[in-house]
Amino acid sequence: MRLFGLLAAIVCITAWLRGQGTLAGSPPDPERILASLISTNRPWLENTPPSGGSLAYTFHLTGSEARKLADIDLTKASRTQRQGVAWTSVLHHLSRPGAKVASLTNEGDTLRLALDFSPEVGVACGNGIQNSFRGYFSRKISHAEIVADAATLLPRSVQYETVTESYSEYVARRDGVRVPLKISVETGDMRFDWDFRVHDGGLWLLDSASAGGSRVAWITDVCLDGAHPAAVIASPQAVQAASARDAAAARLRAVLATNRHWLAPPITNRLGMAYEYRQEPPHREHVYFDPEGHVLVQLASSKEKPDQVTRQVLWLASGRKVQAQPGDPYAQLEPCTSPLSTEKPPERRLLNLFFGLGIDCAVFAVSRNPEAFAARRLVFDAASGQDILGLEAVEDARLFTGTMLYFTSNAYMHDVRYTRS
């Protein structure tokens, strides 16, 4: 009797496992597996944190100004804002009425689901959150294949047409929901690599996005309900990369501080100075630094009107810029950084007057706006003291340099976008 009871229990357990489709080669129940896959992954795909509240962060995209997002209501915000990246996958459409399992294969520790969608569903992927992107595609699809872990039902990959999405390094939120710290999307010659972080055990948010081995988007200044997260979960590789970036940025700040006396000199030792800048005759410009901190530049002579002032610009120490032609009844005024400011460098064209040359090449541009560049240490040799930093423009940084001053020029590079230096 005991033997009969044991055999009966084994038969019942085996039948149940076959119903779940967890035995290799067994006939799984497609609809039950799909329903379980949906319920397991819906919390992180919808990305609604365990508790609501408000979210704020700064989104950075290379070649664009940083964008601050504040007071995002986590219960009402778009999924793109909640996850920090434009991404709509096949996984987001699994609960659609038109989603049907075409086939389900049990491969031991892996389940492979082929899905058909009628009508077609839209998928999209891009490094960005709105309007501006560094790489983007979207399309309509009717068929996809999902590879999931048989034990956890967490997706390992999704394939549709020429696109492959991969998910890895799952960690648990405080409510037990497991989320991936890494997602990659690849199609043709496009590849998106995303690192995510879990903030305060609940919020799953992009940390950084890379393309072609370079970081193209990232998020900083994360606040939940007005406070910075006390605890953050990130992949070891992401933490190591962030540490390397911080070290390179600190080194860059040290280099700039050491050389600031000539890269961004104060106006104090120029007060009361005047000079004439000459190009090929008859072109001349006059520059005046008065003792009160005002700065004036004039086009004093040109081919069209030799020996006659025709254009002029004045920067006031109070922080206003005045533009007017000689004899004009009115002048145009606009706010600007005061020439006397020690907290913020003057604008590029005013700083050129400090040197008597359009000298805004890479090292001066970095000194004037270091936040526009990301530093990466390429070589460091403590014995020789050699330290080489690679700089990449992360904002819309451009090159304006040459034999030129304010109104006249002879040879110059104008409005050339930086890539790397």
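Here the structure is shown first, and the text comes after it.
Just so it is clear, the structure is predicted and the values come from calculations on it, not from any experiment.

Q: What should I look at first to understand the overall build of the protein chain in this one?
A: Summing up its helical and strand segments, the protein chain has six helices and 24 strands in all. At 30 Å, the protein chain has a C-alpha radius of gyration far larger than the 22 Å of a compact globule built from 421 residues. Reported as C-alpha extents along the three principal axes, the dimensions of the protein chain are approximately 115 × 55 × 40 Å. Across the 421 residues of the protein chain, 43% fall into the buried class. Pairs at least 24 residues apart make up 51% of the contacts formed inside the protein chain by residues separated by at least 6 positions. Accessible surface, the protein chain: about 21600 Å² in total, of which carbon and sulfur atoms supply 53%.

Q: Would you mind showing me how to read helix α5 (residues 348-355) here?
A: Quick reminder: α-helices carry 3.6 residues per turn. Residues three or four places apart thus point the same way. Listing the buried residues of α5 in full gives Leu350, Leu351, Asn352, Leu353 and Phe354. Gly356 sits one or two positions beyond α5 and adopts a positive phi of about 75°.

Q: What exactly am I supposed to notice about the side chain of Ser208 here?
A: Note that Ser208 resides in strand β11 (residues 203-211). For Ser208, the residues in contact, after removing those within four places along its chain, are Asp193, Trp194, Asp195, Arg215, Ala217 and Trp218.

Q: Is there a simple way to explain the packing of aromatic side chains in this structure?
A: What characterises a pair of aromatic rings is the spacing of the ring centres plus the angle enclosed by the ring planes. Per the counting criterion, the structure on display carries 14 aromatic pairs. Geometrically, the ring pair formed by Trp87 and Tyr167 is tilted, given 6.3 Å between the ring centres and 55° between the ring planes. Taken together, the residues span a long stretch of sequence, with Trp87 in strand β3 (residues 86-88) and Tyr167 in strand β8 (residues 163-172) at a distance of 80 residues. The same class applies to Trp87 and to Tyr167, which are both buried. Taking 5.6 Å as the distance between ring centres and 80° as the angle between the ring planes, the aromatic pair formed by Phe289 and Phe354 counts as edge-to-face.

Q: Which parts of the structure should I look at to understand the sheet that holds strand β24 (residues 409-417)?
A: One key point about sheets: their strands pair by backbone hydrogen bonds, in either a parallel or an antiparallel sense. Strand order in the open sheet made by the three strands is β20-β23-β24, with antiparallel pairing throughout. One side of each edge strand has no neighbouring strand; the edge strands of this open sheet are β20 (358-360) and β24. Recorded for the sheet is a direction-independent mean angle of 15° between the axes of neighbouring strands. On top of the sheet, α5 reaches β20 and β23 (398-404); it is set at about 120° to β20, its chief contact.

Q: I'm lost on unusual backbone geometry in this one. Help?
A: With glycine set apart, most residues show a phi of negative sign, and most peptide bonds adopt trans. In this structure, the amide linkage connecting Ser118 to the following residue, Pro119, adopts the cis form with an omega of 5°. Turning to its location among the elements, Pro119 is positioned in strand β5 (residues 110-126). The step from Pro281 to Pro282 runs through a cis peptide bond, and the omega angle for that step is 10°. Not every positive phi belongs to a glycine, and Asp307 is a case in point at roughly 55°. Tracing the chain through its elements places Asp307 in the loop between β16 (295-301) and β17 (311-316). Note on Asp307: relative accessible area 57%, which makes it exposed.

Q: Quick question: what am I supposed to make of helix α2 (residues 30-46) here?
A: In this model α2 runs 23 Å from its N-terminal to its C-terminal C-alpha over 17 residues, within 8% of the 24 Å that 1.5 Å per residue would give. Of all the bends in α2, the greatest, near 35°, is centred on Thr40, and the proline Pro43 appears no more than four residues after it. For α2, the set of buried residues is Ile33, Leu34, Leu37, Ile38, Asn41, Trp44 and Leu45. The N-cap residue of α2 is Asp29: its side-chain oxygen and the backbone nitrogen of Glu31 are 3.3 Å apart.

Q: For this particular structure, what's the right way to read the environment of Met413?
A: Checked against the element boundaries, Met413 lands in strand β24. Relative accessible area serves as the criterion here: at 46%, Met413 is assigned to the partly exposed category.

Q: Is there a simple way to explain the pairing of β23 in this structure?
A: Two faces, one strand: in a regular strand the side chains alternate between the faces of the sheet. In the sheet, β20 pairs with β23 via three bridges, with the strands oriented antiparallel. Bridge assignment links Asp360 to a residue of β23, and that residue is Phe400. Note: β23 against β24, seven bridges, orientation antiparallel. Its bridge partner lying in β24, Leu399 is registered against Val416. Where β23 folds back on β24, the antiparallel hairpin that results is connected by four residues.

What counts and what doesn't
Throughout this description, residue numbers start from 1 for each chain and increase along the sequence as written. Given that this is a predicted model, residues contribute local features only at a pLDDT of at least 70 and side-chain atom pairs are listed and counted only at 80 or more, while totals for whole chains, interfaces and linings are drawn from all residues. For side-chain calculations, the full set of non-hydrogen atoms in the structure is used, while hydrogens and water are omitted. Put simply, DSSP H or I for four residues or longer makes a helix, DSSP E for two residues or longer makes a strand, and each gets a number counted from the N terminus. Radius of gyration here is computed from C-alpha atoms only, and the compact-globule reference equals 2.2 Å multiplied by the residue count raised to the power 0.38. Only protein chains enter the calculation, and the probe is 1.4 Å; a residue is then buried if its accessible area is under 20% of its type maximum, exposed if over 50%, and partly exposed in between. Contacts are assigned to residue pairs with any non-hydrogen atoms lying within 4.5 Å of each other. With residues, only the protein chains shown are counted as cover, and all accessible areas are computed by Shrake-Rupley using a 1.4 Å probe. Ring geometry is summarised as follows: Phe, Tyr and Trp rings, the Trp one being its six-membered ring, pair when their centres sit within 6.5 Å, and such pairs are stacked at plane angles under 30 degrees, edge-to-face over 60 and tilted between the two. Here a strand pair is declared whenever DSSP counts at least two bridges between the two strands. Throughout, an axis means a line fitted to C-alpha atoms (over the contacting stretch in the case of helices), and angles, computed between N-to-C directions, take values from 0 to 180 degrees. Multiplying 1.5 Å by the residue count of a helix minus one yields the expected span of that helix. To obtain the bend at a residue, axes are fitted to the seven residues ending there and to the seven starting there, and the angle between these axes is taken. Here a polar contact is taken to be a pair of N or O atoms separated by no more than 3.5 Å, where protein atoms must pair a possible hydrogen donor with a possible acceptor and residues adjacent in sequence count only if both atoms sit in side chains.

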